Amino acid sequence: MEMLTIGAFSKACRLSPKALRLYDELELLRPTRVDPETGYRYYAPEQLEQARLVAWLRRLGMPLAEIREVRALGPQAAAREIRAFWSRVEAETASRRDLAAFLVDHLTRSAPSRETTMLELRYAALSDTGLVRPVNQDTAYAGTRVLAVADGFGSGGAPASVAAVEALKFLDDEPLPAGSVLNLLEDAVQGATTAVREVAGPADDIGTTLTAMVWTGSQLALVHIGDSRAHLLRDGELFRITHDHTMVQSLLDEGRLTPEEAAAHPQRALLLKALPGGGSGTAPDLRLHDARAGDRYLLCSDGLSAVVPEATVKELLSSAPEPAEAARTLIAAANDRGGPDNVSCVVADVVGTGPAEDAS
């Protein structure tokens, strides 16, 4: 069998000899033969495809441990793993992008001038038992700074959702400088986790989702865990700004389900993350959103999102003049479709209130 020297193999697969020696040591890409006297490495031509795959995955930024697993899979399974890896990268990049945007804004923001528009929130919260469930395990809240929706589950789901939201309410009365709001929110979520754990006690089937936003006067800090959702209506377009922590969403991310299959999946409500959770893998999502006058935010439980199509949500949000009317209309739409679950909505409008006073 004709063999390639490490130099020839390196040129063919575009991995440096140094990288090839490292991958040999890590048992990631072993040479076909090593000269027992000189230690010189030789490779078979059929190894080129695997070497090129390793090179491409390194260019993607995939860790070596994951590359080893992908390399051992068949083409279809490898493609699913690569798709799942890239979905994680995109989610992490989005989080870092929000942080970078905040830092740029924070470092370059000048003192307010007379032309600076002051912003405020106008909001409404509404929760309904629906037409099927005997009790309401949702909690919806809108205050001066805090907007929150929690969807409890298990025998103690109602007190769990209440405990999670109550643990955030103190932020309504706290001074919230934009530079530290994420830290404050993260601490508050730790308090919510403890409160839900106390409610659940030894039971492992009691918990709650939590999707909440905290208003700083110019930005909204978002915390999200579970499958309640947050949407932004801006310039006539509706954007979902949360990512469901469900098994079905993970299968969608990996390309193993189509959106149509996901909508009908029997385990579409199976959560991968919720409070109280446990371990680093159950940490909530945290990020900042810059607010603009004219923005409308919607926080809702899956009693709305699983029943009312997103196009209908957009239409109803766009047509209701006030937050309270929007919340009532959305809940009515869920109940018109059978109301199979508790349904909760928080709607908040960002409103310009005129120019700020000059600080000088």
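Residues numbered from 1 in each chain as written. Predicted model: local features only at pLDDT ≥ 70, side-chain atom pairs only at ≥ 80, totals over all residues. Heavy atoms only, no water.

Chemist: Any details on the overall build of the protein? Residues and values, ideally.
Modeler: When its secondary structure is counted, the protein shows twelve helices and 14 strands. The burial tally for the protein puts 44% of its 360 residues in the buried class. Taking all contacts inside the protein whose residues are at least 6 apart in sequence as the whole, residues at least 24 apart take part in 67%. Here the protein has roughly 18,300 Å² of accessible surface; of this, 52% comes from carbon and sulfur atoms. (Helix = DSSP H or I, 4+ residues; strand = E, 2+ residues; numbered from the N terminus. Buried < 20%, exposed > 50% of the residue type's maximum accessible area, 1.4 Å probe, protein only. Contact = heavy atoms within 4.5 Å. Areas by Shrake-Rupley, 256 points an atom, 1.4 Å probe, with all protein chains shown as cover.)

Chemist: I'd like a description of the sheet that holds strand β2 (residues 33–34), backed by residues and values.
Modeler: A sheet is described by the order of its strands in space; here three strands give the open sequence β1-β3-β2, paired in antiparallel fashion. The open sheet has two edge strands with one neighbour each: β1 (4–5) and β2. When β2 meets strand β3 (residues 41–43), the two strands line up antiparallel, connected through two bridges. Note on β3: the bridge partner recorded for Arg 33 is Tyr 42. (Pairing = 2+ DSSP bridges.)

Chemist: Give me the lowdown on helix α7 (residues 181–200), citing residues and values where you can.
Modeler: Relative to the 28 Å expected for 20 residues at 1.5 Å per residue, α7 spans 28 Å between its end C-alpha atoms, a close match to the ideal helical length. Among the residues of α7, Val 181, Leu 185, Ala 188, Val 189, Ala 192, Thr 193, Ala 195, Val 196 and Ala 200 are the ones counted as buried. Next to the buried residues of α7 lie α6 (157–166), β7 (207–208), β8 (210–215), β9 (219–225) and β12 (285–290). Following α7 by one or two positions, Gly 201 adopts a phi angle in the positive range, close to 60°. (Expected span 1.5 Å × (residues − 1).)

Chemist: An account of the pattern of salt bridges is requested, with residue identities and associated values reported.
Modeler: As enumerated under the stated definition, the model contains twelve salt bridges in all. Linking Arg 122 and Glu 120 is a salt bridge whose minimum nitrogen-to-oxygen distance equals 3.3 Å. Looking at Arg 122, the relative accessible area reads 43%, which means it is partly exposed. The class for Glu 120 is partly exposed, based on a relative accessible area of 33%. Between Arg 229 and Asp 244 there is a salt bridge; the shortest N-O distance is 2.6 Å. (Salt bridge = Lys/Arg side-chain N within 4 Å of Asp/Glu carboxyl O.)

Chemist: Kindly report on the packing of α6 against α7, identifying the contributing residues and their values.
Modeler: Packing of α6 against α7 leaves a shortest axis separation of 8 Å and a crossing angle of 155°. Classified by the angle between their axes, α6 and α7 sit roughly antiparallel to one another. When the axes of α6 and α7 are compared, the crossing they make is right-handed. Residues Pro 159, Ala 160, Ala 163 and Ala 164 of α6 touch α7, and the partners they reach there are Ala 192, Ala 195, Val 196 and Val 199. Of the residues assigned to the contact of α6 with α7, the class counts are eight nonpolar, no polar and no charged. (Axes fitted to C-alpha atoms, helices over the stretch in contact; angles between N-to-C directions. Parallel < 35°, antiparallel > 145°, perpendicular 65-115°, else oblique. Left-handed = near helix turned anticlockwise from the far one by under 90°. Nonpolar A, V, L, I, M, F, W, Y, C, P; charged D, E, K, R; others polar.)

Chemist: Can you explain the side chain of Asp 151? Please cite residues and give values.
Modeler: Relative to the helices and strands, Asp 151 is located in strand β6 (residues 146–153). Buried charge without a salt bridge: Asp 151, with Arg 133 as the nearest opposite-charge side chain at an N-O distance of 6.3 Å. With near-sequence residues (within four places) excluded, Asp 151 lies in contact with Gln 137, Asp 138, Ser 161, Gly 207, Thr 208, Thr 209, Ser 228, Ser 301 and Asp 302. (Lys, Arg positive; Asp, Glu negative; His and termini not counted.)

Worth remembering: the numbers are spatial, not functional.
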